[in-house]
Every structure is written in C-alpha cells, then in structure tokens.
Amino acid sequence: MMNTIIRVKNLSKRFGDLQAVDQLSFSVSAGEVYGFLGQNGAGKSTTIRMLLTLIEPDEGEIEIFGLNLRQHRKEILKRTGAVIERPDLYKYLSAFDNLRIFARLSGMKASRKQLMDQLEMVGLAERANSRVKTYSQGMKQRLGLACALVHDPGLIILDEPTNGLDPQGIAEMREMIIRLSRDGGKTLLVSSHLLSEMEMMASSLLIIDNGRKVAEGKLDELLNPKTALVELAVTDTRAARQLLGQTDWIHNIHEKSIRLLRFEMEKSRIPELTRLLVSGGLDIQSIRPVHSLEEYFLAQTGK
Amino acid sequence: MMFITLLRIELFKIFKRPRTYIAFGAIAMIVLLVQLALKVNGKDFIQLYTDSQSDTFEIPYESMNNGYFVCVAVLHMILIHVPLLVALIAGDMISGEAGLGTLRLVVGKPIGRTELILSKFMASTIYVVMLLVWMAIFALFGSILLFGSGDLVVFREENMHLMNQQDVLWRFFAAFVFAALALTTIAAMALMFSAFSENSLGPIVATVCVVIVFTIVQQLKVPLFEQTINPWSFTTHMLGWKGFFYVEKTAEGVTIDGSVENPASLVKSAGVLLGYILLFLTVTVQYFKRKDILS
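Given the structure is predicted, the values throughout are model-derived calculations rather than measurements.

## Observations regarding the overall build of chain B
Working step 1: Secondary structure assignment for chain B yields 13 helices and two strands.
Working step 2: In terms of C-alpha radius of gyration, chain B reaches 21 Å, essentially the compact-globule figure of 19 Å for 295 residues.
Working step 3: In terms of its C-alpha atoms, chain B occupies a principal-axis envelope of roughly 70 × 40 × 30 Å.
Working step 4: Across the 295 residues that make up chain B, the buried fraction comes to 40%.
Working step 5: Excluding contacts between residues fewer than 6 apart, the proportion of contacts in chain B whose partners are at least 24 apart in sequence is 77%.

As structure tokens, this is what we get:
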C-alpha cells in the first residue's frame, strides 16, 4: 500500500474579494510525480505557499508525512525542498555561497565536496564561483533546484519549474524531475499551466480552476476513463440533443458550437450511441472521444 | 542553535554587499574632511565658540585643538547623519529580500519567523556597532595621532566644560556605547518599516523622513512641542551621548573628575531608547509572524 505524503482537506484562502482557494482537497502518494494543473491565477501558487507555510490558510487541514503542518512545521519543512515560481536567489553572491546558505537554512552543515557535487549534478560546478547575477534564467532555475535538493528532501515542491526556460532547458528540467522520482524515489508536486509538460512527466494529476478542484486522479485514468468525454458533430444539434437527453446513460450535454455537442458517457457504449443516432434519422458527421490532456482540461474547466 | 546560524548568514550577506561599504567609506571620508578642516582652520573654528570669552581670558587655541576636541567635533557633525547609513542596511533587511524574491525561499525553510527577525535585528545591531568602532578608530584614534592629546574643552551654549585628559577616554567609550544604542533604535525602526514593505527604498526613505521630522520638531523649541513631543521623541534622546561631556563643577567652578552633570537624564534617555527598540521589535515580530508572504 502506498503511503500518502501530502493530504489536504478543505483548504480555503481568500484575499479581499478574491476566493483564491476554495475548499480544496487532494492527496499525493509517495514516489509519484503529482501534477498540479491550472491556468494562471487558478490558485496553484497560493496552495503551494500554504503547503510551505508562507501563507496562512483561512480554513482547512494540511498533513505532510502524516504530520499536521501547523504543529510540526519545522520537522516537515526539514524534509521538504521547494522552488516557488522563479528561483530568486541572492544575485550578489556566488552559486556556491547561495547553495551553502540554503543548505544551512535547511539544517544541513554541508561540506565543500557535498556542495560541489550538488552543483555538478545540475551542471553548474564550473560556474560555482560566479555571481548569480551573471547567470542565465536556465542556470538560475537549475541552481534553484540544487538549493531545493541540497538537504536530500523526501518531498520536492516545484512551482512552474519550466517558466522562462528555452526548449532545451524545459527538456532538461523534465528529465531531472522524472529521474528524481524514478531513480531517487522522491515525491514531487509539480505545478504548471503547461498541459503538454504535465502529460509527459506526471503520474497523477490535480486540475484546479478558480481555486476549486475540477478533477483529480491517475493520468491514464483521466485520459482514458470509463466515462469518456465525447464530441459529436451532427447537422441538427437540437434534434440530437433532444434524442440524447432521453437516455439515462448520457450526461452533461452541452453545445460547443452550432454543429458540435459535447457530453459524457461510458466509452463502451459508443456503438450503441451510433445506432441510436442513426435510428433517430440524424446525419452524423463525426463521433470522437476526447483523449488529450489539453482537451480534457479545457472540457473540465469549461474554457 | 539555529539563531546563531541565521545570524551568521545575515552577517555574511551584509558584508558581501557593496552598499555596506558605502557607509564605512562615507564615515572615513567625512572624518578625514573634518580633521583636515580643523588642522588648517582649527583656530577659526574654536573662535566661533569663544568670541564672548576671549576678552575675559586668553584662549590657548593650540592646546585646545587636540585629538579629543576634534573627535567631539566630528561626533557632533556626523552622528546626526549616520541614521541614514544605518537605514540603508536595516531598511533593506526584509523588504529587500521580499523585493528580490528570496524571502519566500527563506521563510519556506525550517526556521522560525521570530528567529529570523531577531537574527536580522541582531545583525543590524552588529553592523551599527562595527560602524561606530570604525568611526572611533578614525575619529578618536586618528585624531589623537594627527593632533595629539590634551585636556578636553567642550562648548555648550555660553558654557565651557573642561576635562582632564586622564578623565576623557572613558567618556568617549560611554558616548560611543550610547550612540550605538541610539543608532540601534534607528535600525529597529528601519527593520519595522522593512517588514511592512516589499521594496527597499520605501523603508529607507520612511526612516530618514521620521528622523528629519522629529529633529525639526525638536529644534523648533516651541512650548507646544517641548512639553508634548520632545520629552518622548527618540531624536531628543538620541543626542544623550553629549551628556558624557558635560561635567559637574564645584562651587568654585572646578571640574569634578569622573562626574557627569545630569546622570539621571542619561539613564532616562537610555531607558526611552531601549523602550523604543522593544516597541519597534515587538511590532515587527508580531506583524511578520502573521504576514502572508506573497512576494
């Protein structure tokens, strides 16, 4: 049985009139790359900041490593590494000095060799003594990751880790995240608004919109669920909608455009759907289950 | 244990920043300028204060213009401006990190927020002390080297206070300790403003503005402010260091060695400054403990 590393229950946070996070619940299992997906402003960063005690929740409970975050803050943060949005480090210090500071702040007295090994791992050993202000965005991102990993945490939280990176940098970051989970046995919570990235690295996914959970589950279950999202193109959507509405196995029907309906149903019943439409005298142009994460995400968030 | 680690990190960061050395450079330059001016025009400077008494007795300008006298002159001229240099560092302590974005990385580590604030305050205090030690080296020991030593004469409005040279060094030591307390008050205030801001300029400007406003209020010397604001204004009490150079005299007008004119006033000033430090620090800690880190 898998251990639950993060368990969040009914988490809420309001900033003035804005409900940034609304009754959010989710759980992250040990060893997985848990994707946290949502558009900009959906509430991802606010949630992550609450997990790192940067923001006090208005309501809700957070348990990490089976411990209550409020009561065991230091113990939990000692076992957690994080990069929140841009890894803004001390620009006037060298990479080595930055890494040494963050190791100390994590409660670790690292030797010079340990720090250099860490910089070697992210490909910055040769520039260890250069000031961070001379670094490119990609180098800063890698140094940020080194700072998050220097104390060998069990849980790694990365907020938009590929932001500002070029395609090669994105691929390297993705590779590193997968390696940390697969080879290092780490649990990673990775937030992003890039669906394609999530599709390539996450094993589980949480989709939020306007601070609320829209969907949660294993990636393959979300992409290939028993209940599929189906798009039907017909010439007469009104008649089709009326016909489909009479069944009890087709749900959440809505018109996406004048010739396109979208609804939920069991995938195994698609042949039955075809027969129903033909018997109803409707001209079918196409029937298509929605597969990609992007389409799933857009459908779930209604965007 | 974590507090010591945090303090070391804060000091490391302070002394790795080029702006830290601006203050040390500025102090060295101002002191050297004052020393140069007094070396060349010391007599004219002393005459400004002794004009009214020069008819009564002969003023020994040469021996008066010694290292101790120069050091007191330097302290008068620059201690009023040092708050700006202190604000430059302390005002940036929290807001600078918020603006830079490092604050969220630091607060997300297994450290207490109170510990973090206290370490930043302690680092600012150490910076203040080092600034004053630097000033002492240049203003006191540098002046002794350039001008020699001798009895100290201090002017106060129409009065002169004369101190034997054997009775002087402890006064400088006490004055520097008091100045450290006064500047630590400024550091605590700048740190408080820093907790409320997310850019470093705001707290630095706010600190300097507060000092300027209260200094002006204090210098107006109108009854309204003399009776209400000035007794409790920290700018009034920041000048308490001068009290160590005002001596008690016998009925015959002879200086009593080791005395100060008004020790109770010195104790009160120190108490008020300590009270302000405590107040600013409490506000900072209480606010920062609950602050959502959004930067």
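Structure's up, so let's keep going.
## With respect to the packing of helix 1 (residues 2-16) of chain B against helix 8 (residues 113-147) of chain B
Geometry of a packed helix pair, given as the angle between the helix axes and the separation of the axes.
All names here are of chain B.
Working step 1: Running from N to C, helix 1 and helix 8 cross one another at 50°; their axes reach a closest spacing of 8 Å. For the element pair helix 1 / helix 8, the angle class is oblique. For the pair helix 1 and helix 8, the crossing hand works out as right-handed. Contact residues: helix 1 offers M2, F3, L6, L7, E10, L11 and I14, while helix 8 offers E115, L116, L118, S119, K120, M122, A123, I126 and Y127.

## Considerations on the pairing of strand 7 (residues 155-159) of chain A
All names here are of chain A.
Working step 1: Judged by how many residues are buried, strand 7 sits mostly within the fold: five of five residues are covered.
Working step 2: What you see with strand 7 is no split at all: L155, I157 and D159 on one side and I156 and L158 on the other are buried throughout.
Working step 3: Where strand 6 (residues 80-83) lies against strand 7, four bridges are found, and the strand directions are parallel. Across the sheet, T80 pairs through a bridge with L155, a residue of strand 7.
Working step 4: Pairing between strand 7 and strand 8 (residues 187-192): five bridges, direction parallel. Bridge pairing in strand 8 places I157 opposite L189.

## Observations regarding the interface of chain B and chain A
Working step 1: The partner chain A presents 21 residues to the 19 residues of chain B that form the contact.
Working step 2: Where the side of chain B that touches chain A is concerned, the elements lending two or more residues are helix 1 and helix 7 (102-107) of chain B.
Working step 3: Grouping the amino acids of the side of chain B that touches chain A by side-chain chemistry returns eight nonpolar, four polar and seven charged.

## Regarding the sheet that holds strand 10 (residues 212-218) of chain A
All names here are of chain A.
Working step 1: What the six strands build is an open sheet, ordered 6-7-8-3-9-10; its pairing is mixed. Each edge of the open sheet carries a strand with a single partner, namely strand 6 and strand 10. Strand-to-strand twist of the sheet, defined as the mean angle between neighbouring strand axes without regard to direction, takes the value 15°.
Working step 2: In terms of strand pairing, strand 3 (residues 33-37) meets strand 8 through five bridges, oriented parallel. When the sheet's bridge partners are listed, Y34 is paired in strand 8 with L189.
Working step 3: Set on the sheet, helix 1 (residues 44-51) makes contact with strand 3, strand 7, strand 8 and strand 9 (204-209); between it and strand 7 the angle comes to about 150°.

## Details of the environment of B:F173
Working step 1: Mapped onto the fold, B:F173 is located in helix 9 (residues 169-195).
Working step 2: For the pair B:F173 and B:A136, spaced 37 residues apart in the sequence, the C-alpha separation amounts to 8.9 Å.

## Here's the deal with the environment of A:D58
Residue and element names in this part refer to chain A.
Working step 1: The residue D58 is located in the loop between helix 1 and strand 4 (59-64) in this model.
Working step 2: Separated by 36 residues in sequence, D58 and D22 have C-alpha atoms that sit 9.9 Å apart.
Working step 3: Leave out the neighbours within four places in its chain, and D58 touches S12, K13 and R14.

Cut-offs applied
- Residues numbered from 1 in each chain as written.
- Chains lettered and ligands numbered in written order.
- Predicted model: local features only at pLDDT ≥ 70, side-chain atom pairs only at ≥ 80, totals over all residues.
- Helix = DSSP H or I, 4+ residues; strand = E, 2+ residues; numbered from the N terminus.
- Rg over C-alpha atoms; globule rule 2.2 N^0.38 Å.
- Buried ≥ 20, exposed ≤ 12 C-beta atoms within 10 Å, placed from the backbone.
- Contact = placed C-beta atoms within 7 Å.
- Axes fitted to C-alpha atoms, helices over the stretch in contact; angles between N-to-C directions.
- Parallel < 35°, antiparallel > 145°, perpendicular 65-115°, else oblique.
- Left-handed = near helix turned anticlockwise from the far one by under 90°.
- Pairing = 2+ DSSP bridges.
- Nonpolar A, V, L, I, M, F, W, Y, C, P; charged D, E, K, R; others polar.

Purely geometric numbers; function is a separate question.
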